[in-house]
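Tertiary structure, described
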Amino acid sequence: MDLTWTHAAAWSARPTPLVAAVAFLGFAAVLWPLERFWPARHRQPVRRHGFGTDLLFWVFTPLVGKLLTYSVVFALAAGLFALCGRDLDLSSTEGWGPVGRQPLGVQAAEVFVLADFLFYWAHRWFHTTRLWPFHAVHHSNTQMDWLTSMRFHPVNDVVSRTLQAVPLVVLGFAPAAVMCAIPVVVAFIVVTHANLPWTWGPLKYVFVSPVYHHWHHSTDRAALDKNFAGALVVWDWLFGTRYLPAGLVGLLAWPFRRVASRTPPAGVS
């Protein structure tokens, strides 16, 4: 893998005003026009309910929340590296053990898969423990678009990213491999919150799409506590939390599944 890319990835992972501004302008230039002319639900105005709050979160989360997360994760990783007698260099292509001796591209792909697996369980944990109020901040908006993707409480972000980063460091992945995966993960997070009708076609069984993730934010009882995966649908499929009605066939079969599960309709106790 080109060392120039690893240095760029390490730079992009740092929470600085320049990185935040470039990311915001890039996503805005692409996603706002798409949401305007190709909306999933309806053509909601740009200045919809919660717009101002989400805009503030796009300043707060990258510059304050991510700075806190970056500091905590970096300190933990640096401590683990120090125990091995090494200094932490985020652009370093050297890991350790069998994992660290793999080609950097292979490591980056493995980091993407493993980090998503760890994110899945961290996400489920936030939904089923006393930590839910911190994650509820992310679910507090009633009108979603790509701006909603940064509505995170700092505690939510610190805990989730720590639970991802520590195992990756312990397993011996090169820091550069982790850094290379971060921009891809961020892109998934932002795009899957967009008000777009994208399912990725046949790839909907592989990658999380905007339609797939919007079900996670739905108040429909059948969709509650479903679709926890951040990028790869396989985790929801393996652990029984996948929910994506499959067009006409899915809609026709849905009432039978509800009756079979004896799930009462909304509002009925």
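It should be noted that the structure appears before, not after, this text.
Here's what I pulled together on the structure shown here. (Residues numbered from 1 in each chain as written. Predicted model: local features only at pLDDT ≥ 70, side-chain atom pairs only at ≥ 80, totals over all residues. Heavy atoms only, no water.)

1. Points about helix H8 (residues 175-192)
Look at H8: 26 Å from first C-alpha to last across 18 residues, which is about the 26 Å you get at 1.5 Å a residue. Within H8, the full set of buried residues consists of Pro175, Ala176, Ala177, Met179, Cys180, Ala181, Phe188, Ile189, Val190, Val191 and Thr192. (Helix = DSSP H or I, 4+ residues; strand = E, 2+ residues; numbered from the N terminus. Expected span 1.5 Å × (residues − 1). Buried < 20%, exposed > 50% of the residue type's maximum accessible area, 1.4 Å probe, protein only.)

2. With respect to the pattern of salt bridges
For the coordinates displayed, the defined rule picks out 5 salt bridges. Here arginine 48 makes a salt bridge to aspartate 54, at a shortest N to O gap of 2.8 Å. Judged on exposure class, the residue arginine 48 and its partner aspartate 54 are both buried. You can call arginine 48 buried: its relative accessible area is 4%. A cluster of three or more residues bridged by salt bridges with shared partners is formed by Arg48, Asp54, Asp145 and Arg151. (Salt bridge = Lys/Arg side-chain N within 4 Å of Asp/Glu carboxyl O.)

3. Comments concerning the nonpolar core
Of all hydrophobic cores here, the largest spans 14 residues; its most connected members are Phe24, Phe27, Leu31, Trp58, Trp146, Leu147 and Val190. Those elements that place two or more of their residues in this core are helix H2 (17-37), helix H3 (51-83) and H8. It is H2 that provides the largest number of residues to this core, a total of 4 residues. The residues contacting leucine 31, other than those within four sequence positions of it, are Trp146, Val190 and Leu196. Among the nonpolar cores identified, the runner-up in size contains 12 residues, and Tyr212, Phe228, Ala229 and Val233 belong to it. (Core = buried A, V, L, I, M, F, W, Y, C linked by side-chain atoms within 4.5 Å. Contact = heavy atoms within 4.5 Å.)

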